[in-house]
Each structure stands twice: as C-alpha cells, then as structure tokens.
Amino acid sequence: MPVLERSLRYLFVPVVITFLYIVVTQHLSTIWQGWLPKINELPYYLLGISAVLALQFNCWRISYLSLLLLGYYYFESSPVLLPEMALLNQEQVILAGSLIITFFAAFKDRGLFSVYFFKSILAVGLCVILTLGWSAAITYLNSVDAGLLPNTLKLLTSSYVPIGISCIVLCTFTICRATGVDSAIMVTLFIWLFHFYLPNELPLSLLLTILAIAYLISILVRSHNLAYRDELTGLGSRRSLNTLAQSLNKHYCLAMVDIDHFKTFNDTYGHDVGDQVLHLVAKKLSKIQGGGKVFRYGGEEFTIVFANKNIEAVLPLLEEIRRKISQYNIVLRNQSRKNKSRLDRNTKHKPNQTVNITISIGVAEQHGEGTFENTLKRADKALYKAKNNGRNLVFA
C-alpha cells in the first residue's frame, strides 16, 4: 500500500467510523434513552480504564487526555459546581480544549513520570493563557467602533481561526505519523467540536463513551503491534509467523532470506546505516508478488510464506525480488552532517555515498509430509547452500 494512501487512511477512516457511530446512535435514541442514567456513569469507568491501560503501553497522551476529559465531564455534570465558578466561558473552553488536543498531537509519547510530565502541565497552562489572551483581544476589537476596523480583521481574530489552524496541524501530524494513537487524538478533536457546535444532537456522556471506546481500540491495536510487529521494519515478528503457521494448510512454500555480509556492512558503516538497510530490504520484500507474507525472523533474516503455492510458481517471484534488491543503489546518509551548521552543509556539501547489497534465499515446499518447523529447517538448509555457492542466489 502506498505510504500516502496508508497515512490518509489513518486520518479519514477513524473519523468516518466515529461519524457513522454518531449517526447510528442518533437513530437508536429510543433504545438508549431509557438507559441514559446508566450511560451517564459510563465515561467515568471507560475513561478511567483507558487512562490506566494507556500507561501500561506507554500511551501517555491518551492517558492525559482521558484524565482531562474526566475532569471536564465531572465539572459539566456535577450539580455542586456552579457556572459562575468556571475560569473560562463556553467559547474559551472550546478554544482551550482544541489547543490542548493539538498540543498532545504535536508531541510523541514519553514516559509519564519524567520531565515531560512537568512540560505537559506547563503546556496545558500555556494553552489556557493563550486562550485568555486571544479572548481579550477579541473583546477589545468588539468594543471598537465597527467603522474603524474592517470586518476582515475582526474575522481573522475570531476563535474560528485558531481552531481551524488546530485542525490543520492535527491532520498534518496524523498523516505524517500514521499511528492508531494519533488517529484517536484526531477523533478527540472531532468529538470535542461536535459537542460544542451541535450540543443538542447527543448527550456528552454518549460522546465521551464513543471516544473512550476509540481510546481502548487504539490501545489494543498498539498492544497487538508490540506483540506481533517488528518495530524497526514494520513487518510481522516471529511470534506473528508462528501464529500464521498454525492456520496454514498442508500445501505452501516457505522462503528464508538473509542479507549477505550484513555483519561486515554493519561494522563498516555503523548500526544506524544497518538499520536503514534492514528497513529498506523489508520494504522491498513486502512488495513481493504472489501473495507472499513477509516476516522478520530475526537479525538480518526474513521469512516469506506463500500459501497454496508450489515451488515452480514461487521461484520466479523470488528471483525477481533478489534481482531488484541487488540492483538498487542505497544512498548512505552522511551522519556527520547532523553536527554541522546549515551554512557548513551548504558550503561543504559532498555527495552521499551509494552502496549495493545482495540477499540469499532458500526455499522449501510443504505437501503435508512434515511440520512447519521441518519445512523451516529445509528452507534454512537451502539458504546455506545459496550462501556457500557464492551468495546472491536462490536455492531450493
């Protein structure tokens, strides 16, 4: 899947699904109206659970947002607290909340009990201060005679402008990072604005319940990726391979792939460049035809599984991917440029070095005569044959 298409999916799909949930909930109002007293208690439990679970998987942004929304919901639903006690009016709350959500979207997940905790508290306070300052500026402009200031200037100083900027910034980070957590934060802003601009459509308790479910789903997806995805390459891990092995039928092909001379390459150019090579090879392998599923087996080794394929159909596909990787020029980034000023980079620029890498592949076919482990061992033996015969080869 192209990178841009995948990124846009992380932006639009969660918002569209949330919108559909809202529409369905509106049409089922006759059902949940009778349960509303119980539903009003759900945000306390669900947001509390999401805040705790988010900490377990280092999703501190989800945890902070859950706690902040819990505090807001308590203030809104508590009969003890009077509106006069509020620091901000409704319009200011919309703007402050939008800025806070955007702040969490702009930063990465960090440890909760660290210096970032205090930075987050300061940032939340700064968002409130900016809101008060913006509101004061709007109040001043409204007090000025309409004939002295053009309407365009007043429009530019309204709260719609910073909220619009917040939406653009949040969409940008969601597209660039393309993670479930960033999608959940995008949904947070969507529900936040929906609550204020369409207050009579759904009660706040239902909106926060939907949001808490989105948080829990994003946490579950993150936990699944931690367990079954390789962090460096984005491919399935060995645990994911073992899970697939249990669902395979008696006919499949299995290929073991190894990057040639990777240890020497790593020692020569450094581990950062080695990681770059691993990521590149994984990206190339993931584009293999024939329905092959690629996994990172460990180190510089990868595994490709072709379900319901015979070895005659698989060999040309492996030869093609081997040829493409061997002919690809890898541009090595000059790591020393990071420590140079921009002026030095422009005046003393040298072309980046390019290198080529090759892979060796061993493949075995399964017809029900043995276990998955035995097929893996046969593919591994074929891989060593490819290496012993000069590397950059495919052996069966």
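To keep things clear, this report deals only with the structure shown in the data block. As the structure is a computational prediction, the values presented were derived from the model and not from experiment.

Reading the values: the criteria
- Residues numbered from 1 in each chain as written.
- Predicted model: local features only at pLDDT ≥ 70, side-chain atom pairs only at ≥ 80, totals over all residues.
- Heavy atoms only, no water.
- Helix = DSSP H or I, 4+ residues; strand = E, 2+ residues; numbered from the N terminus.
- Buried < 20%, exposed > 50% of the residue type's maximum accessible area, 1.4 Å probe, protein only.
- Contact = heavy atoms within 4.5 Å.
- Areas by Shrake-Rupley, 256 points an atom, 1.4 Å probe, with all protein chains shown as cover.
- Pairing = 2+ DSSP bridges.
- Axes fitted to C-alpha atoms, helices over the stretch in contact; angles between N-to-C directions.
- Patch = residues over 30% accessible without salt bridge, like charges linked within 9 Å, V, L, I, M, F, W, Y side chains within 5 Å.
- Salt bridge = Lys/Arg side-chain N within 4 Å of Asp/Glu carboxyl O.

**Here's the deal with the overall build of the protein chain**
Then comes step 1: A count of helices and strands for the protein chain gives 17 helices and seven strands.
Then comes step 2: Across the 396 residues of the protein chain, 41% fall into the buried class.
Then comes step 3: Sequence-distant contacts, at least 24 apart, represent 74% of the contacts inside the protein chain between residues at least 6 apart.
Then comes step 4: Element-wise, carbon and sulfur atoms account for 61% of the exposed surface of the protein chain, whose accessible area totals about 22300 Å².

**Here's the deal with the pairing of strand β1 (residues 252-259)**
Regular strands place their side chains on alternate faces of the sheet.
Then comes step 1: With eight of its eight residues buried, β1 lies for the most part within the structure.
Then comes step 2: Side chains Y252, L254, M256 and D258 of β1 all project onto a buried face; the interleaved residues C253, A255, V257 and I259 project onto the opposite face, where all are buried too.
Then comes step 3: As judged from the seven bridges shared by β1 and strand β3 (residues 301-307), these two strands associate in the antiparallel manner. Looking at the pairing, C253 lines up with F306 of β3.
Then comes step 4: Where β1 meets strand β6 (residues 359-366), eight bridges bridge the pair, whose relative direction is antiparallel. The residue bridging D258 from the neighbouring strand is S360, located in β6.

**A word on unusual backbone geometry**
Then comes step 1: Positioned with a positive phi, H261 is a non-glycine residue whose angle comes to about 55°.
Then comes step 2: With respect to the helices and strands, the residue H261 is situated in the loop between β1 and α13 (262-269).
Then comes step 3: Even without being a glycine, N392 presents a positive backbone phi close to 55°.
Then comes step 4: On the basis of relative accessibility, which here comes to 23%, the residue N392 falls in the partly exposed class.

**Quick word on the sheet that holds β3**
Then comes step 1: With mixed pairing, the five strands of this open sheet are ordered in space as β2-β3-β1-β6-β7. Edge positions in the sheet fall to β2 (293-298) and β7 (394-395), since each of these pairs with one other strand and no more.
Then comes step 2: One ladder, built from five bridges, connects β2 with β3; its direction is antiparallel. For K293, the partnering residue across the bridge sits in β3 and is V305.
Then comes step 3: On top of the sheet, helix α12 (residues 238-245) reaches β2 and β3; it is set at about 130° to β2, its chief contact.
Then comes step 4: Strand contacts of helix α17 (residues 372-388): β1, β2, β3, β6 and β7, with the helix running at about 145° to β6, the strand carrying the most contacts.

**Details of a nonpolar patch on the surface**
Then comes step 1: Taken together, the side chains of L8, F12, V16, F19 and L20 present a nonpolar region at the surface, about 450 Å² in accessible area.
Then comes step 2: Summarising the element assignment, F12 is placed in helix α1 (residues 3-27).
Then comes step 3: Residue F12 is classed as partly exposed on the basis of its relative accessible area, which comes to 48%.

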